[in-house]
Amino acid sequence: MNNRQELNPMVRPDRPVVELWLMFFANKAAVLGLVLWLLVVFTAVFGLTIYTGDPFEMVGAPMTPPGAEFLLGTDYLGRDVLTGIIHGASITLAIGFSATICTVIIGVVIGVLAGYYGRWVDNLLMRVTEFFQVLPPMLFVMVLISLFTPSIYLIVLAIAVVSWTGMARLTRAEFLKIKELEYVTAERAMGARNASIMAKVILPNALPPLIVAVALNVGTAILFEAALSFLGLGDPNAYSWGYMIGSSREYIWDSWWTITFPGFAIFLTVLGVSLIGDGLNDALNPKLREL
Amino acid sequence: MKTILTGLNRTIYSLVLLLAVIVLNFILVHIAPGDAVTAMIGDMGGATPELIAKLRADYGLDRSLFTQLYTHIWKMMHGDLGTSFTHRVPVRDLILDHLPATILLVTTAFFLAIIIGTVLGIIAAQKPKSFVNHVVTVLSLSGFSAPIFWTGLMLLIAFAYLLPIFPAFGMSTPGFQGTTLEVMFDVLKHLVLPAVTLASVYIAVYSRLARASMLDVLGSDYIRTARSKGLSRRIVVYKHALKNGILPVVTMAGLQFSQLIAGAVVVETVYGWPGIGQLAFNAILRRDHPLLLGILFFSTLMVVIANLITDFSYRILDPRIK
Amino acid sequence: MKQEPLLQVNGLCVEFSTKNGSVRVLNQLDLHLLPGEALGIVGESGCGKSMTALSIMRLVPTPPGEISNGQILLNGDDVLQLTESQMEDIRGNEISMIFQEPMTSLNPVFTIGSQVSENIRRHQSANTSQAKEKTIQMLEAVGIPAPELRIDQYPHELSGGMRQRVMIAMALSCQPSVLIADEPTTALDVTIQAQIFELLRKIQEEMATSVILITHDMSVIAEFADRVIVMYAGRKVEEGLVRDIIDNSCHPYTQGLINCVPVLKRDPGLKRVELNEIPGVVPNLAQLGPGCSFAPRCHKVVDRCYQEMPPEQQVGENHYASCWRVGDAA
Amino acid sequence: MKYEYSVKVDDLRTHFKVHRPHLFAEQPTVYAVDGVSFEIEPGKTFGLVGESGCGKSTTALSVLRLVEPTSGSVELNGVDICQLSENDLRNYRRHMQIIFQDPYSSMNPRTTAGEIIRTPLRILKIGTPKEQHERVEELLGLVGLRPEQKNLYPHQFSGGQRQRICVARALAPNPDFIVCDEPVSALDVAIQSQILNLLARLQQEFGLTYLFISHDMAVVQHICDEIAVMYLGRIVEKADRRSLFLDVQHPYTKALLAAVPTTDNNSKLSFVSLKGDVPSPMDPPSGCHFHTRCPMAETRCSKEIPKLRQVLPNHWVACHLV
């Protein structure tokens with residue numbers, strides 16, 4: 001049916017935001033994702049005050065299997081895997097969030113300018129975006145890290161540099177779409193300034209897909225950092241989950257737990273954020289809201 | 001005529017992109033700490049003073065930046081990517097040696113992902129509230145969320161260690177002799193795990209995309225038209241809807257090809273697959289910058305070619321693009 | 001002389017399940033279509049006129065929609081009892097449909113030739129070259145210039161009017177006995193609309209096809225249809241020959257519908273006159289009371305209208321209306 | 001000071017450059033508005049009527065400089081708004097407002113009805129916030145809505161109610177001139193009459209000047225004092241409402257009138273079917289744009305552009321054959 005509003009024009013809850021949260025919490029998977037994330041955040045913030053220890057410290061016999069003494073076993077140097085995982089949570093979150101913030105800033109600014117001003121601005125910025133899109137991210141970051149000294153800042157920046165393009169394209173697409181709507185023209189007809197139209201009118205309406213993209217971006221940033229650390233290209237002073245797997249991978253046949261558990265931690269963290277993104281997507285998608 | 005011109009348009013544009021990559025490489029080397037040659041050599045011990053002197057001359061560091069850039073581009077255009085310190089052979093030859101393995105891995109994973117992803121997406125889209133749909137959602141979310149190296153290692157534990165059906169390492173059994181067919185089969189056996197690992201992420205991505213786009217297409221007016229003609233559900237879905245529904249998948253596949261290559265770097269390291277990813281990994285360990293930059297250039301070239309191909313197939317699939 | 005109806009709909013009900021429970025979008029609809037006749041169905045959006053068409057085609061999107069009751073008799077056989085594959089044999093063959101949006105109703109990635117010939121090959125034993133020949137014939141019949149070239153074009157290369165002609169060619173390619181046209185010209189300019197109606201009229205005469213024309217525009221009905229059904233909120237409120245309805249409508253809704261539209265005049269005069277209005281808005285189908293759905297907007301309303309649903313009464317030859325005030329002086 | 005004309009549009013042209021199909025193609029230009037002139041007396045309604053693509057909406061947007069005109073002038077109360085600086089134009093916007101076609105996309109879905117109506121007051125800094133809120137309630141009453149409805153969101157209103165909110169928003173800064181761009185085309189017939197009556201009532205009450213854009217001859221005839229018919233960016237006939245319909249001159253206008261279906265058998269013009277479609281404004285026919293579809297075209301028509309000339313009192317037509 002082409003016009004579903006007709007069926008049901010009046011019975012609706014009031015504020016869009018309230019409606020969004022109701023939709024989100026009705027989605028079991030999304031709530032699961034939220035719970036997973038609260039767990040990770042809790043671990044990152046309070047984990048080490050409850051389960052103390054230095055992840056680099058060798059506390060037991062090498063390659064002790066999971067058991068009573070070490071819940072998740074020890075690695076080839078006798079470092080406790082559980083301490084490592086708890087410690088890694090904060091690093092993972094820190095990198096995931098800061099890289100996402102950088103990504104969003106670069107991507108949204110470029111997308112907004114390209115989408116709103118169009119013409120040569122759009123042309124130029126989109127060419128730049130396409131250029132960054134053809135660079136294979138991992139190889140490009142490898143070159144960056146190899147030429148400059150690896151540090152947590154370089155890694156955050158590198159992740160942002162290779163992942164802003166998607167954000168920029170999405171923002172641009174949304175701006176192009178919304179810019180054509182009559183309420184934006186109406187705003188101009190009332191004498192609003194460009195900056196105010198961009199920030200106060202178009203951006204809030206472009207937010208739903210952007211929020212979903214941001215959630216997914218946190219996931220990809222975490223995965224990217226993990227892959228870098230796995231390859232031994234991360235900050236050598238950061239005991240991250242990827243590093244744990246990378247450093248133990250030669251002992252894969254002898255101590256499966258040193259690889260399985262940190263990997264599972266990454267998996268659950270990213271899964272959590274993906275589920276949240278999915279739930280937001282469903283809640284924000286007007287097509288699914290109708291019935 | 002118009003098609004040829006637009007094709008030419010795209011090709012010229014791709015060449016400009018490649019040129020930009022060359023310039024980027026040049027800029028990176030120049031803004032790195034130390035001069036270009038020290039940056040190139042890095043902390044690698046193998047460089048003799050003569051080699052350094054030769055390099056300085058090669059790069060013409062005494063000349064102006066513009067001349068340097070010009071020479072650099074000129075050399076790249078003639079396929080001269082410099083010499084690898086660690087291997088002491090031209091970078092180009094090294095890369096060309098390793099490229100086929102990567103191409104085999106990437107294309108296998110690419111088609112695996114597109115085909116399986118699309119099929120899963122179509123199945124899920126037909127019954128939006130069914131069990132199959134939930135399975136596809138869970139599968140794709142998991143595929144997306146699992147770190148690719150970890151998936152690889154888990155598959156290794158499962159299918160090379162606990163249940164040893166597939167070899168764990170390399171592209172062929174060392175010293176394996178046999179007919180061409182047997183050699184091919186041997187390579188195939190080695191290919192399964194890396195290809196599945198690499199594909200897993202993209203199966204997830206494409207199945208979600210295909211599902212969303214098929215849902216969209218199935219609700220469109222022309223699908224109703226097709227049904228009003230009395231076509232069966234099967235023809236409506238697999239003829240009328242599919243050709244439209246696959247368009248976003250093709251677009252996305254083109255856009256993500258660079259990430260596929262990046263993923264291959266990680267997968268090759270996990271499985272010891274002798275492609276350019278592994279070459280890059282070794283190059284970075286030994287700070288072999290000419291090799292690393294050469295690999296970046298070559299892989300970008302691959303992406304650009306793949307983009308041209310997807311662009312072309314998009315034009316075939318969608319007559320509206322002219 | 002009484003003709004046997006070609007298509008007869010009895011007590012048709014269609015329900016849609018929504019978040020807030022089930023909504024009846026079609027309620028106890030009866031209609032019949034005589035051979036060679038042009039029947040108009042008119043009403044505002046949401047009155048159920050498109051749903052009627054989709055029900056006859058059995059294309060109501062299920063879920064959320066469902067035909068919950070009624071019969072649809074085509075030549076005396078109930079199509080609602082047929083299996084899906086039997087129904088597929090009827091669609092595009094016995095009953096065809098053209099839609100409102102010619103821009104989106106053709107598949108953008110197939111040539112128009114393949115889309116028209118697909119219908120022919122589906123229902124007639126024709127090989128590829130016969131189907132192609134027939135396609136060219138059909139395109140020519142609907143007034144598409146140079147059809148042998150056009151068959152290789154894609155929908156986006158054609159204007160809206162041309163696309164609607166292609167839709168008509170496709171719908172008529174198997175000589176259906178019933179053609180349903182759902183707002184076929186709403187998306188088109190008036191000059192193109194005139195061309196399309198000219199074509200439909202010509203084809204209807206030549207092929208003796210019965211047409212159901214669905215529209216919101218009473219003047220389109222006036223020019224094209226023989227008989228008209230006026231619908232409001234999922235029900236039929238009035239039925240009769242077009243001239244009867246326009247000149248002597250009995251239902252206040254029909255009267256409102258006719259009088260609220262500005263009519264193009266040869267001499268409009270120099271002063272602007274006020275238009276008649278139907279106050280208020282179309283009611284929410286989920287919140288209908290027991291009485292007449294139009295009561296809240298009706299200027300002739302009495303208490304009884306809110307309490308009891310008015311039955312259909314005959315007010316003249318072939319003229320029926322559902323209103324308590326039918327007999328009363330206006 | 002009183003002006004003879006509230007609005008005076010002189011030789012307005014708006015041309016768009018569109019994306020070139022490939023690198024070597026000439027950049028195509030769309031001649032959306034190509035030399036349009038008209039005047040509107042204060043308190044009157046001027047109608048622009050034509051089929052889709054004739055440039056009537058672009059004219060509407062250009063008159064308000066929401067689309068930048070290529071050349072020409074638009075005077076509102078003696079001020080040429082094409083000469084105003086960005087800043088002056090913004091302030092001058094209080095005198096001219098617009099109502100759009102689509103009541104579903106013409107309001108920001110995230111703001112309440114009250115905020116939507118207040119927006120122009122806020123942007124143009126008219127009154128204190130308290131005064132603004134009082135004005136909003138007053139406006140809601142004027143357009144037939146209840147004051148408590150100001151807290152509802154656009155999706156909670158029906159199409160007709162939304163259009164009322166848009167009317168209220170346009171009225172808010174007390175403008176002299178309102179452009180109505182197809183204000184009733186997207187509405188149900190029963191609602192159309194409500195809005196048309198509302199617009200007529202408000203015009204009387206506040207002495208508003210309207211530029212009324214529509215494709216619907218009957219609506220234009222009903223509401224306008226003077227009417228111009230557009231075809232491919234040019235005005236082909238312009239007259240007061242009585243003269244236009246009684247003494248229709250241009251063959252295009254005749255065809256347009258004949259094509260309109262009507263319930264009134266007596267007023268029907270003899271039918272002149274137009275052949276073919278409207279040509280593309282990117283490549284309009286030479287001479288008189290209409291000659292390709294005109295039943296009475298002569299060779300001269302394809303060569304010379306006909307000028308708009310007066311043939312009767314208050315009646316201008318651009319045709320060689322009249």
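S.K.: How should I be thinking about the overall build of chain C in this particular structure?
M.R.: Each helix and strand counted, chain C has eleven helices and twelve strands in total. In terms of overall size, chain C behaves like a compact globule, its C-alpha atoms giving a radius of gyration of 21 Å where 330 residues would be expected to give roughly 20 Å. Principal-axis analysis of the C-alpha atoms places the extent of chain C at approximately 65 × 55 × 50 Å. Partitioning the intrachain contacts of chain C with sequence separation of at least 6 by distance along the chain shows that 64% fall at a separation of at least 24. In the form shown here, chain C has an accessible surface area of approximately 13000 Å², with 47% of it arising from carbon and sulfur atoms. The averaged location of the 40 negative side-chain charges in chain C is 4 Å from the averaged location of its 27 positive side-chain charges.

S.K.: Looking at this model, I keep getting lost on helix H4 (residues 65–77) of chain B. Mind explaining?
M.R.: Along an α-helix, residues three or four positions apart point the same way, because every turn accommodates 3.6 residues. Residue and element names in this part refer to chain B. Spanning 13 residues, H4 covers 18 Å between terminal C-alpha atoms, matching the ideal 18 Å at 1.5 Å per step. Listed as buried for H4 are Gln 68, Leu 69, His 72, Ile 73 and Met 76. Axial view of H4: buried residues confined to an arc of 130 degrees, hence all on one face. The exposed set on the far side of H4, more than 90 degrees from its buried face, consists of Phe 66, Tyr 70 and Met 77. Directly beyond the C-terminal end of H4, a positive phi value near 75 degrees is found at Gly 79.

S.K.: Is there a simple way to explain the state of the cysteines in this structure?
M.R.: Note on terminology: disulfide describes a covalent bond linking the sulfur atoms of two cysteines. Across all of its chains, the model carries zero disulfides over all chains by this definition. Distance from the sulfur of Cys 294 of chain D, which forms no disulfide, to the nearest cysteine sulfur (Cys 319 of chain D) is 6.2 Å.

S.K.: Just to check I follow, could you spell out the pattern of salt bridges for this structure?
M.R.: Pairing between side chains becomes possible if they bear opposite charge and their charged atoms approach one another. Tallied over the full model, the rule gives 35 salt bridges over all chains. Among the salt bridges present, the one from Glu 130 of chain A reaches Arg 127 of chain A, with a minimum N-O distance of 3.3 Å. A residue pair is termed a helical-turn pair when its members lie 3 or 4 positions apart in one helix, as Glu 130 of chain A and Arg 127 of chain A do in helix H4 (residues 119–134) at three residues. In this structure Glu 130 of chain A comes out as buried when scored by relative accessible area, which is 17%. Exposure remark for Arg 127 of chain A: the relative accessible area of 37% places this residue in the partly exposed category. Two residues, Glu 51 of chain D and Arg 293 of chain D, come together in a salt bridge whose shortest N-O distance is 3.8 Å. Taken together, the residues span a long stretch of sequence, with Glu 51 of chain D in the loop between strand S3 (45–49) and helix H1 (56–63) and Arg 293 of chain D in the loop between helix H9 (251–259) and strand S11 (309–312) at a distance of 242 residues.

S.K.: Please clarify how the interface of chain B and chain A should be interpreted in this entry.
M.R.: Many structure descriptions define interface size as the accessible area lost when the parts assemble. The interface is formed by 52 residues belonging to chain B together with 44 residues belonging to chain A. Carbon and sulfur atoms supply 79% of the area that chain B and chain A bury against each other, a total of about 4300 Å² over both sides. On the chain B side of the contact with chain A, Phe 144, Phe 149 and Trp 150 of chain B bury the most area, a combined 14% of that side's loss. Where chain B touches chain A, the interface holds one salt bridge. Secondary structure elements with two or more residues in the side of chain B that touches chain A: helix H1 (2–31), helix H6 (131–145), helix H7 (148–162), helix H8 (180–218), helix H12 (257–271), helix H13 (276–285) and helix H14 (289–317) of chain B. Take the side of chain B that touches chain A: its biggest share by element is ten residues, from H14 of chain B.

S.K.: Is there a simple way to think about the sheet that holds strand S8 (residues 209–214) of chain D in this case?
M.R.: All names here are of chain D. Strand order across the open sheet formed by eight strands is S6-S7-S8-S3-S9-S10-S12-S11, with mixed pairing between neighbours. Every other strand in the sheet has two partners, leaving strand S6 (96–99) and S11 as the edge strands with one partner each. Shown here is a sheet whose adjacent strand axes are inclined to one another by a mean of 20 degrees, direction ignored. Summarising the sheet, S3 and S8 pair through five bridges and their orientation is parallel. The residue bridging Gly 47 from the neighbouring strand is Phe 212, located in S8. Where helix H6 (residues 189–206) meets the sheet, its contacts fall on S3, S6 and S8, and the angle it forms with S8 comes to roughly 160 degrees.

S.K.: Just checking my understanding: could you explain the packing of aromatic side chains for this structure?
M.R.: Aromatic ring pairs are described here by two measures, namely the spacing of the ring centres and the angle between the planes. Residues and elements named next belong to chain A. If you walk through the whole model with that rule in mind, you get 24 aromatic pairs over all chains. Plain terms: the ring middles of Phe 264 and Phe 267 are 5.9 Å apart, the flat faces sit at 35 degrees to each other, and that makes the pair tilted. Of this pair, Phe 264 and Phe 267 both sit in helix H10 (residues 257–284), three residues apart, roughly one helical turn. With relative accessibility at 38%, the residue Phe 264 sits in the partly exposed group. By way of ring pairs, the aromatic residues Phe 131, Phe 132 and Trp 164 are connected into one cluster.

S.K.: When you look at helix H9 (residues 221–228) of chain B in this model, what are you seeing that I'm missing?
M.R.: If you check which residues of H9 of chain B are buried, you get Tyr 222, Ile 223, Thr 225, Ala 226 and Ser 228 of chain B. Phi for Gly 230 of chain B, located one or two positions after H9 of chain B, is positive at around 85 degrees.

S.K.: Explain the confidence of the model for chain C here, please?
M.R.: Residues shown with low pLDDT carry predicted positions that ought not to be read at fine detail. Here chain C shows a mean pLDDT of 85. Residues at 70 or above account for 98%. Prediction confidence for the complex, expressed as pTM and ipTM, is 0.85 and 0.84 respectively.

S.K.: What am I meant to see in the environment of Asn 9 of chain B here?
M.R.: The topology assignment puts Asn 9 of chain B in helix H1. Sequence separation between Asn 9 of chain B and Ser 140 of chain B is 131 residues; the distance between their C-alpha atoms is 37 Å.

Calculation notes
- Residues numbered from 1 in each chain as written.
- Chains lettered and ligands numbered in written order.
- Predicted model: local features only at pLDDT ≥ 70, side-chain atom pairs only at ≥ 80, totals over all residues.
- Heavy atoms only, no water.
- Helix = DSSP H or I, 4+ residues; strand = E, 2+ residues; numbered from the N terminus.
- Rg over C-alpha atoms; globule rule 2.2 N^0.38 Å.
- Contact = heavy atoms within 4.5 Å.
- Areas by Shrake-Rupley, 256 points an atom, 1.4 Å probe, with all protein chains shown as cover.
- Lys, Arg positive; Asp, Glu negative; His and termini not counted.
- Charge placed at Lys NZ, Arg CZ, Asp CG, Glu CD.
- Expected span 1.5 Å × (residues − 1).
- Buried < 20%, exposed > 50% of the residue type's maximum accessible area, 1.4 Å probe, protein only.
- Arc of directions from axis to C-beta.
- Disulfide = S-S within 2.5 Å.
- Salt bridge = Lys/Arg side-chain N within 4 Å of Asp/Glu carboxyl O.
- Buried area = accessible area lost by both parts, 1.4 Å probe.
- Pairing = 2+ DSSP bridges.
- Axes fitted to C-alpha atoms, helices over the stretch in contact; angles between N-to-C directions.
- Phe/Tyr/Trp six-rings, centres within 6.5 Å; stacked < 30°, edge-to-face > 60°.
- pLDDT = per-residue confidence, 0-100.

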